[in-house]
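# Structural features, examined
The lines below spell out each chain.
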Amino acid sequence: LERSFGIKENALNFKKNKHGAWSVDGAEISLSHSAGALAVAVSRDRVGIDIELVHAPRSEKMAERIMNDKELAAFTALPDEEKDKRFIEIWTRKEALFKSQKKDVFIPKDADADSSQLKSDVFTVDNKTYIWSVATPTPERVRVFKADVK
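Keep in mind it's a predicted model, so treat the numbers as computed, not measured.

Once that is clear, we can look at helix H4 (residues 80-101). With 22 residues, H4 ought to run about 32 Å at 1.5 Å a step, and its terminal C-alpha atoms sit 32 Å apart, in line with that. Buried residues along H4 sit in contact with strand S5 (48-53), helix H2 (60-66), helix H3 (69-76), strand S6 (118-125) and strand S7 (128-135). Just downstream of H4 lies Lys 102, where phi reads positive at about 55°.

Taken as a whole, the second largest pocket encloses approximately 210 Å³ of empty space. Lining the second largest pocket are His 19, Gly 20, Ala 21, Trp 22, Ile 29, Ser 30, Leu 31, Glu 95, Phe 98, Lys 99, Lys 102 and Lys 103. Sorting the residues of the lining of the second largest pocket by element identifies strand S3 (27-34) and H4 as the ones contributing at least two each. Along the lines of polarity and charge, the residues of the lining of the second largest pocket split into five nonpolar, three polar and four charged.

At their nearest, the axes of H3 and H4 sit 10 Å apart, and the two run at 160° to each other. In terms of their interaxial angle, H3 and H4 are classed as roughly antiparallel. Read as a crossing pair, H3 and H4 show a hand that is right-handed. Residues Glu 71, Phe 75 and Thr 76 of H3 form the contact with H4, whose own contacting residues are Lys 83, Arg 86, Phe 87, Ile 90 and Lys 94. Taken together, the residues of the contact of H3 with H4 break down into three nonpolar, one polar and four charged.

A word on the sheet that holds S7. Pairing is antiparallel in the open sheet, where three strands are placed in the order S5-S7-S6. This sheet does not close on itself; its edge strands, each paired only once, are S5 and S6. Strand after strand, the sheet turns through a mean of 15° between neighbouring axes, direction not considered. Across six bridges, the pairing between S5 and S7 is antiparallel. Each residue of the ladder has a partner; that of Leu 53, found in S7, is Tyr 130. On top of the sheet, H4 reaches S5, S6 and S7; it is set at about 155° to S5, its chief contact.

Glancing now at the nonpolar core. Membership of the largest hydrophobic core is limited to 11 residues, which are Ala 37, Ala 39, Ala 41, Val 47, Ile 49, Ile 51, Phe 123, Tyr 130, Trp 132, Val 134 and Val 142. When contributions to this core are tallied by element, the ones reaching two or more residues are strand S4 (37-43), S5 and S7. Contact partners of Ala 39, with chain neighbours within four places excluded, come to Ser 30, Leu 31, Ser 32, Ile 49 and Ile 51. Listed in part, the 10 residues of the second largest apolar core include Ala 63, Met 67, Leu 72 and Phe 87.

Next up on the list: a positive patch on the surface. A surface patch of like charges, here positive, comprises Arg 3, Arg 44, Arg 141 and Arg 143. When you line up the elements, Arg 44 lands in the loop between S4 and S5.

Further remarks concern the packing of aromatic side chains. Tallying each qualifying case throughout the model produces four aromatic pairs. Ring geometry for Phe 123 versus Tyr 130: centroids 5.3 Å apart, planes at 20°, classification stacked. By relative accessible area, which is 15% here, Phe 123 ends up buried. Classification of Tyr 130 as buried rests on a relative accessible area of 3%. Grouping aromatic residues by their ring pairs yields a cluster made of Trp 91, Phe 98 and Phe 106.

Cut-offs used in this document
Residues numbered from 1 in each chain as written. Predicted model: local features only at pLDDT ≥ 70, side-chain atom pairs only at ≥ 80, totals over all residues. Heavy atoms only, no water. Helix = DSSP H or I, 4+ residues; strand = E, 2+ residues; numbered from the N terminus. Expected span 1.5 Å × (residues − 1). Contact = heavy atoms within 4.5 Å. 1 Å grid on protein atoms, 1.4 Å probe; cavity = no way out; pocket = protein on both sides within 12 Å on 5 of 7 lines; lining within 4 Å. Points joined across faces, edges and corners; volume = space filled by probe spheres on them. Nonpolar A, V, L, I, M, F, W, Y, C, P; charged D, E, K, R; others polar. Axes fitted to C-alpha atoms, helices over the stretch in contact; angles between N-to-C directions. Parallel < 35°, antiparallel > 145°, perpendicular 65-115°, else oblique. Left-handed = near helix turned anticlockwise from the far one by under 90°. Pairing = 2+ DSSP bridges. Core = buried A, V, L, I, M, F, W, Y, C linked by side-chain atoms within 4.5 Å. Buried < 20%, exposed > 50% of the residue type's maximum accessible area, 1.4 Å probe, protein only. Patch = residues over 30% accessible without salt bridge, like charges linked within 9 Å, V, L, I, M, F, W, Y side chains within 5 Å. Areas by Shrake-Rupley, 256 points an atom, 1.4 Å probe, with all protein chains shown as cover. Salt bridge = Lys/Arg side-chain N within 4 Å of Asp/Glu carboxyl O. Lys, Arg positive; Asp, Glu negative; His and termini not counted. Charge placed at Lys NZ, Arg CZ, Asp CG, Glu CD. Phe/Tyr/Trp six-rings, centres within 6.5 Å; stacked < 30°, edge-to-face > 60°.

Pasting the structure below:
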């Protein structure tokens with residue numbers, strides 16, 4: 001934090017707002033965890049992050065509840081073997097957007113998973129595949145640091 005944001009370690013003053021979002025003076029923070037993985041985003045701009053384990057099949061009914069018409073049409077056209085990964089990617093993108101917007105209510109269909117404010121990636125740790133997505137006004141500036149803390 002000191003190198004990137006000029007915030008001295010002994011001057012960290014963590015705050016949590018009414019939406020559960022964390023910040024310190026001069027930076028916004030977003031946290032997410034899933035099945036042993038942790039994702040943290042820190043930014044001067046608003047930011048949201050989500051990480052999810054790619055796992056068991058999702059039902060078409062669940063997709064209908066969270067995807068808008070355009071997303072759902074593209075999703076249903078996918079081969080079955082690609083649907084789990086795409087479902088999780090769409091979900092993490094929508095969740096990251098929601099977190100970055102600090103709204104009171106999450107309505108997944110209203111979040112555009114194709115927003116230009118999003119960046120997503122896939123990674124594998126210990127034979128588990130995860131997808132993370134981050135939402136920020138400047139996704140081109142996202143830097144990823146991976147740490148193994150075993």
